[in-house]
Amino acid sequence: MREDEAPTTSGAGGIDHRSQTSGGSVDRLRAYLHEGVAVRGRTTDDVTGAMREAILDGVLSPSAWLRESELASAFKVSRTPIREALKRLADEGLVVKTAHHGAMVAALSLEDVLALYVVREDLEGLAARLAAVRRPDGLVEQLDEINADMREAAAREDVAELSKLNLAWHRALRTGAANPYLERFLNQVEHAVRRLPATTLVHPGRPDEVLAEHDAVARAVQARDGEVAEQHARAHMRRAREIRLAVLLGG
């Protein structure tokens with residue numbers, strides 16, 4: 001089997017990531033970099049960051065082969081920072097390296113999605129509890145402001161902007177928890193969520209539900225009620241998991 005002939009990888013429940021030759025993905029990567037995703041330098045950190053964003057944005061698709069020579073050409077760097085970037089992204093679970101066929105973008109199965117939401121429920125609940133107990137100055141106002149922006153995006157039916165703001169809301173909450181280990185784990189969770197094939201916000205009625213669920217968490221944070229904040233955050237994630245499965249399974 002040649003490097004660009006990977007088998008089809010599909011998770012249970014119909015999530016099907018068909019492997020792609022590297023050429024098409026690298027062409028999309030070149031266009032992506034040209035259109036404004038700046039690589040601020042040519043260091044391994046710079047290349048890793050840009051490649052990570054390309055994977056999270058779906059430019060480098062699940063199961064796409066990643067050839068060092070083509071990536072080096074796209075980034076206009078030597079193969080050394082590319083090789084190191086691929087190692088780092090493999091450590092993050094975004095890339096899979098094989099002994100004989102090189103590296104490819106990791107795929108997500110239905111089992112991966114279920115495992116992700118189990119962990120996310122626990123971590124988001126803990127973040128809400130800690131944020132409520134601390135309630136740093138400006139956090140409640142920030143959560144409310146983002147939710148208001150989400151309401152406007154929902155009224156415009158701007159799902160892309162709504163999705164970005166939703167991630168920003170959760171990011172603000174975990175920052176308010178002020179626990180660097182928790183924030184690191186939730187950053188990894190966010191990376192996994194961004195790689196899923198569709199946002200749950202496309203599901204009928206879900207934007208209004210999310211706004212109400214966010215507001216319930218924010219009000220508990222405002223009251224410094226850690227227990228209630230955690231309960232609402234966990235319920236929010238359980239509902240997100242239900243909708244996610246409905247979206248993936250076509251329900």
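Structure: see above.
Draft legend 1. Just the sheet that holds strand E4 (residues 95-98), in detail. Here three strands make up an open sheet; going across it, the order is E3-E5-E4 and the pairing antiparallel. Of all strands in the sheet, those bounded by a partner on one side alone are strand E3 (65-66) and E4. As defined by bridge partners, E4 adjoins strand E5 (residues 102-105) across four bridges and the pair is classed as antiparallel. Looking across to E5, one finds that valine 96 is bridged to methionine 104. The sheet contacts of helix H4 (residues 79-91) involve E3, E4 and E5, and relative to E4 the element is tilted by about 110°.

Draft legend 2. Summary view of empty space enclosed by the protein. Summed over the entire model, instances satisfying the criterion amount to one cavity of 30 Å³ or more. Along the walls of the largest cavity sit Arg120, Glu124, Leu167, His170, Arg174, Leu186, Val189, Glu190 and Val193, which together make up its complete lining. Of all the secondary structure elements, the ones that give two or more residues to the lining of the largest cavity are helix H5 (110-134), helix H7 (159-177) and helix H8 (180-194). If you tally residues by element for the lining of the largest cavity, the top one is H8, at four residues. Looking at the lining of the largest cavity residue by residue, the class counts come to four nonpolar, one polar and four charged.

Draft legend 3. Examining the nonpolar core more closely. By size, the foremost hydrophobic cluster in this structure holds 27 residues, and its most contacted members are Leu29, Met51, Leu60, Leu66, Phe75, Ile82 and Leu86. Elements supplying a minimum of two residues to this core: helix H1 (22-34), helix H2 (44-56), helix H3 (68-75), H4 and E5. Top contributing element to this core by residue count: H2, with six residues. Among all residues touching leucine 60, those that are not within four sequence positions of it are Ser25, Leu29, Met51, Ala54, Ile55, Leu66 and Val105.

Draft legend 4. Fine view of the layout of surface pockets. Put simply, the largest pocket is a space of about 710 Å³. What lines the largest pocket is a set of 32 residues, and nearest its centre among them are Leu56, Ser163, Leu167, Val193 and Arg194. Every element with two or more residues in the lining of the largest pocket is listed here: H2, H5, H7, H8, helix H9 (206-222) and helix H10 (226-248). Tallying contributions element by element places H7 first for the lining of the largest pocket, with seven residues. For the lining of the largest pocket, a count of residues per class yields 14 nonpolar, eight polar and 10 charged. Of the voids in this model, the second largest pocket is the one considered here, and its volume is about 260 Å³. As for the second largest pocket, its lining consists of 13 residues, of which Glu92, Leu108, Leu116, Gln188 and Ala192 are closest to the centre.

Draft legend 5. How the structure looks around H10. In this model, H10 (23 residues) spans 33 Å end to end at C-alpha, consistent with the 33 Å of a helix rising 1.5 Å per residue. Of the positions making up H10, those classed as buried are Gly226, Ala229, Glu230, Ala233, His236, Met237, Ala240, Ile243, Arg244, Ala246 and Leu248. Looking at the buried positions of H10, the neighbouring elements they touch are H5, H7 and H9. Directly beyond the C-terminal end of H10, a positive phi value near 75° is found at glycine 250.

Draft legend 6. Geometry of the pattern of salt bridges. On inspection of all chains with the given rule, the structure shows 24 salt bridges. Put simply, arginine 52 and glutamate 92 hold a salt bridge, and the shortest N to O gap is 2.7 Å. Taken as a pair, arginine 52 in helix H2 and glutamate 92 in the loop between H4 and E4 lie far apart in primary sequence, 40 residues in all. On the basis of relative accessibility, which here comes to 18%, the residue arginine 52 falls in the buried class. Classification of glutamate 92 as partly exposed rests on a relative accessible area of 32%. Between arginine 194 and aspartate 57 there is a salt bridge, with the nearest N and O atoms lying 2.8 Å from each other. One end of the pair, arginine 194, is in helix H8; the other, aspartate 57, is in the loop between H2 and E3, with 137 residues separating them in the sequence. The class for aspartate 57 is partly exposed, based on a relative accessible area of 44%. Overlapping salt bridges, with partners in common, bring together Glu121, Asp122, Arg129, Glu230, Arg234 and Arg238 in one network.

The rules behind these values
Residues numbered from 1 in each chain as written. Predicted model: local features only at pLDDT ≥ 70, side-chain atom pairs only at ≥ 80, totals over all residues. Heavy atoms only, no water. Pairing = 2+ DSSP bridges. Helix = DSSP H or I, 4+ residues; strand = E, 2+ residues; numbered from the N terminus. Contact = heavy atoms within 4.5 Å. Axes fitted to C-alpha atoms, helices over the stretch in contact; angles between N-to-C directions. 1 Å grid on protein atoms, 1.4 Å probe; cavity = no way out; pocket = protein on both sides within 12 Å on 5 of 7 lines; lining within 4 Å. Points joined across faces, edges and corners; volume = space filled by probe spheres on them. Nonpolar A, V, L, I, M, F, W, Y, C, P; charged D, E, K, R; others polar. Core = buried A, V, L, I, M, F, W, Y, C linked by side-chain atoms within 4.5 Å. Buried < 20%, exposed > 50% of the residue type's maximum accessible area, 1.4 Å probe, protein only. Expected span 1.5 Å × (residues − 1). Salt bridge = Lys/Arg side-chain N within 4 Å of Asp/Glu carboxyl O.

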